[in-house]
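# Structure at a glance
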Amino acid sequence: MHTNVLFIIKTLGSILILETVFMLMAAGMALIYDGTDVIPLFVSSGIMLFAGLLFFLAGRKADEYHAGRREGMLTVSFTWLTLSFFGMVPFYIGGYIDNISDAYLEAMSGFTTTGMILLDDVESLPHGILFWRSLMQWQGGIGMVVFTVALLPMFGGGASQLFDAEVTGFVHERFRPRVTQVAKRLSGIYIMLTLFFTFLLWMGPMDFFDAINHAMAGISTGGCSTKNASLAYWDSAYIEYVMMFCMCIGGMKLPLLFFALKGDFKKFRHDEETRWYLLYMLIVIIITITWLFYDNHEIDGSVENTIRKGAFQVVSLATTTGYTTADFISWGQFYWLVALFLMLICGCGGSTSGGIKVGRALIILKSVYNEFRKQTHPAAILPVRVNGRAVSQDIIYRVHVFVLVYFLLIGFSWFFLLVNGLSFDEALGTSISAIGNAGLSLGSLGDGNLHSLSPVSKWYISFLMMVGRLEIFTVLTILLPGFWKR
């Protein structure tokens, strides 16, 4: 069977054309603030539009109704590679980042909502570039392909393959059979939540520009900020509580939020993954706060401040957002272990979070529990149930394989980064953070700034971020020789 190359090229062209609109929004922001980034952003928009039109015209005769899983995986993988390439252009031609490897990693970190950075002085950047950084994360949170399917319903039978290749989680809660309708509803709830949190932040000490940037970065669980000190710049309990709520919402299933806002709370209340996600964060918050008081890590000598900072850090890590309001590295190596655990199991399937996802961890735990029960009742039939329904053996098998490959990839990445000069803890933290799109690390890289790494390490981490965002198999499968056989 031949690969539908024209479909891939045409889809990439459509996505680049649509992406030009987003970059022009950043250019418009640059005009409003009369920054030095006006020309770089407009020139970059022109380059992207030209490339998009070229791709679209080259693939205009594509057969949109004969695109399968192969085309879906190739299109989505090339979309993230291509968007990161064009997304880095304003940083590079504007002179804000002076080399390709750093600029590309900054763009990939944005689109994958990882939030690792290459910039030492964020506040020196003009408003348009700051807005572009936030906008990349905001798009990456829901997925640019989802936006494109929603706004440009021209993909025929290939829309479902594109949607499935990009949306996270092993089971997707769908509203209606038509994928374009699903994409529109996901996009709608995403935009509405962004505006809601922009308003809440704007009501506090943030101005509108900072509010909309942090709302986009919060709901997408991306974590970029307009300030060097991140949210600590405002030193505001109100801001921290609002952002905790925002990040927590970002880690939930978007389809369930849609039903809840329509007044159908039954699906939301009865979703087992969501309940465990909230309980899981509550338990780790209690452990964290207990540790802070037990080991004399009280923050500013204030009980409320210590509780708030501890809770904030847990929510930030458990949703892979990566914001910090305190130096969690100074909390000791016990908390380093807690942080790594939080970066591994984060958020719900169908959310903007990265990581293994709470749903997969739940299936693994229930499978293990059933194996222990079978030791005393070997003839018993003990299905794994989620939301009261038996999970098929095929899904259980895929979850086990996913987790196995996830840890193998962490192990390989750990070794690779050790060979390239990182310390034991830095290599481990960065590997888990990059594949989980968490943004924070350990040791001297705890704040997620990778400027000091070698170019080889930066290119590998860029690749690892994309692999993690697309949940491993979408990207790694196309690297296998068997994928290209007819």
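In case you missed it, the structure is sitting above this.
The structure displayed is predicted, hence computed values, not measured ones.

### Topic: the overall build of the protein
- Each helix and strand in the protein was counted, giving 21 helices and two strands.
- For the protein, the C-alpha atoms occupy an extent of roughly 60 × 60 × 55 Å along the three principal directions.
- Counting across all 486 residues of the protein, residues that qualify as buried make up 60%.
- Taking as baseline every contact in the protein between residues at least 6 positions apart, the subset at least 24 positions apart corresponds to 72%.
- Carbon and sulfur atoms provide 67% of the accessible area of the protein, an area that totals close to 19,900 Å².
- Between the mean site of the 32 positive side-chain charges and the mean site of the 34 negative ones, the protein shows a separation of 17 Å.

### Describing the packing of helix H10 (residues 208–219) against helix H11 (residues 237–250)
- It is the contact of H10 with H11, at a shortest axis distance of 8 Å, that shows an interaxial angle of 40°. Relative to H11, H10 is oriented oblique. Contact residues: His214, Ala215, Gly218 and Ile219 in H10; Met243, Cys246, Met247, Ile249 and Gly250 in H11.
- Taken together, the residues of the contact of H10 with H11 break down into six nonpolar, three polar and no charged.

### Focus: the nonpolar core
- In this structure, Trp132, Phe197, Tyr335, Leu342 and Ile461 are the most contacted members of the largest nonpolar core, which totals 136 residues.
- With near-sequence residues (within four places) excluded, Ile461 lies in contact with Leu105, Met116, Leu417, Thr430, Ala434, Leu450 and Leu453.
- Membership of the second largest hydrophobic core comes to six residues, among which are Ile8, Leu12, Met73 and Leu74.

### Topic: helix H18 (residues 393–419)
- Its 27 residues place the ends of H18 39 Å apart at the C-alpha level, agreeing with the 39 Å of an ideal helix rising 1.5 Å per residue.
- Within the sequence span of H18, burial applies to Ile395, Ile396, Val399, Phe402, Val403, Tyr406, Leu409, Ile410, Ser413 and Leu417.
- Where H18 is buried, its residues meet helix H16 (333–344), helix H17 (358–376), helix H19 (424–436), helix H20 (455–469) and helix H21 (473–476).
- One or two residues past the end of H18 sits Gly421, with phi positive at roughly 105°.

### Some points on the packing of H19 against H20
- Their axes nearest at 6 Å, the elements H19 and H20 cross at an angle of 45°. The orientation of H19 with respect to H20, classified from their angle, is oblique. Where H19 approaches H20, its residues Thr430, Ser431, Ala434 and Ile435 are matched on the opposing element by Ile461, Leu464, Met465 and Gly468.
- The residue makeup of the contact of H19 with H20, split by class, is five nonpolar, three polar and no charged.

### Looking at the packing of aromatic side chains
- Taken as a whole and judged by the stated rule, the model has 21 aromatic pairs.
- Aromatic pair Trp331 and Tyr335: ring centres 5.0 Å apart, planes at 70°, arrangement edge-to-face.
- For Tyr335, a relative accessible area of 0% translates into the label buried.
- Connected via pairs of aromatic rings, a cluster forms that spans Phe402, Tyr406, Phe407 and Phe473.
- A cation over a ring is seen here: Lys227 above Tyr233, with NZ or CZ 4.6 Å from the ring centre.
- In this arrangement the basic side chain of Arg360 is found over the ring face of Phe402, its NZ or CZ atom lying 3.8 Å from the centre.

### Here we look at unusual backbone geometry
- Even without a glycine there, the phi angle at Thr221 is positive, about 50°.
- Following the sequence through the fold, Thr221 ends up in the loop between H10 and H11.
- We classify Thr221 as buried; its relative accessible area is 0%.

### What about empty space enclosed by the protein?
- Evaluation of the coordinates by the stated rule reveals two cavities of 30 Å³ or more.
- Here the second largest cavity is characterised by a volume of approximately 60 Å³.
- Taken together, Glu106, Ser109, Gly110, Gly115, Met116, Ile117, Arg133, Met136, Gln137 and Cys224 form the lining of the second largest cavity.
- At the level of secondary structure, the elements contributing two or more residues to the lining of the second largest cavity comprise helix H5 (100–111) and helix H6 (127–142).

### Observations concerning the environment of Phe334
- Summarising the element assignment, Phe334 is placed in helix H16.
- Put simply, Phe334 and Thr288 are 46 residues apart on the chain and 9.8 Å apart in space, counted from C-alpha to C-alpha.
- Apart from the residues lying within four places of it in its own chain, the contact partners of Phe334 are Ile287 and Trp291.

### Notes on the pattern of salt bridges
- Scanning all chains against the criterion turns up 12 salt bridges.
- As a salt-bridge pair, Glu371 and Lys374 come within 4.0 Å of each other at their nearest N and O atoms. Highlighted residues: Glu371 and Lys374, both in helix H17, separated by three residues, approximately one helical turn.
- Linking Arg398 and Asp394 is a salt bridge whose minimum nitrogen-to-oxygen distance equals 3.3 Å.

### Re the side chain of Ser225
- On the secondary structure map, Ser225 appears in the loop between H10 and H11.
- A distance of 2.8 Å separates polar atoms of two side chains, one belonging to Ser225 and the other to His214.
- In this structure Ser225 touches Val122, Leu130, Arg133, His214, Ser230, Leu231 and Tyr323, once residues within four positions along its chain are discounted.

### Thoughts on the state of the cysteines
- One pass over the full model with this rule turns up zero disulfides.
- No disulfide involves Cys224; its nearest neighbouring cysteine sulfur is the one of Cys246, lying 12 Å away.
- Between Cys346, a free cysteine, and Cys348, which holds the nearest cysteine sulfur, the sulfur-to-sulfur gap is 11 Å.
- According to the relative accessible area criterion, Cys346 is buried, its value standing at 0%.

Conventions adopted
Residues numbered from 1 in each chain as written. Predicted model: local features only at pLDDT ≥ 70, side-chain atom pairs only at ≥ 80, totals over all residues. Heavy atoms only, no water. Helix = DSSP H or I, 4+ residues; strand = E, 2+ residues; numbered from the N terminus. Buried < 20%, exposed > 50% of the residue type's maximum accessible area, 1.4 Å probe, protein only. Contact = heavy atoms within 4.5 Å. Areas by Shrake-Rupley, 256 points an atom, 1.4 Å probe, with all protein chains shown as cover. Lys, Arg positive; Asp, Glu negative; His and termini not counted. Charge placed at Lys NZ, Arg CZ, Asp CG, Glu CD. Axes fitted to C-alpha atoms, helices over the stretch in contact; angles between N-to-C directions. Parallel < 35°, antiparallel > 145°, perpendicular 65-115°, else oblique. Nonpolar A, V, L, I, M, F, W, Y, C, P; charged D, E, K, R; others polar. Core = buried A, V, L, I, M, F, W, Y, C linked by side-chain atoms within 4.5 Å. Expected span 1.5 Å × (residues − 1). Phe/Tyr/Trp six-rings, centres within 6.5 Å; stacked < 30°, edge-to-face > 60°. Lys NZ or Arg CZ within 6 Å of the ring centre and 35° of its normal. 1 Å grid on protein atoms, 1.4 Å probe; cavity = no way out; pocket = protein on both sides within 12 Å on 5 of 7 lines; lining within 4 Å. Points joined across faces, edges and corners; volume = space filled by probe spheres on them. Salt bridge = Lys/Arg side-chain N within 4 Å of Asp/Glu carboxyl O. Polar contact = N/O pair within 3.5 Å; in protein donor to acceptor, adjacent residues only side chain to side chain. Disulfide = S-S within 2.5 Å.

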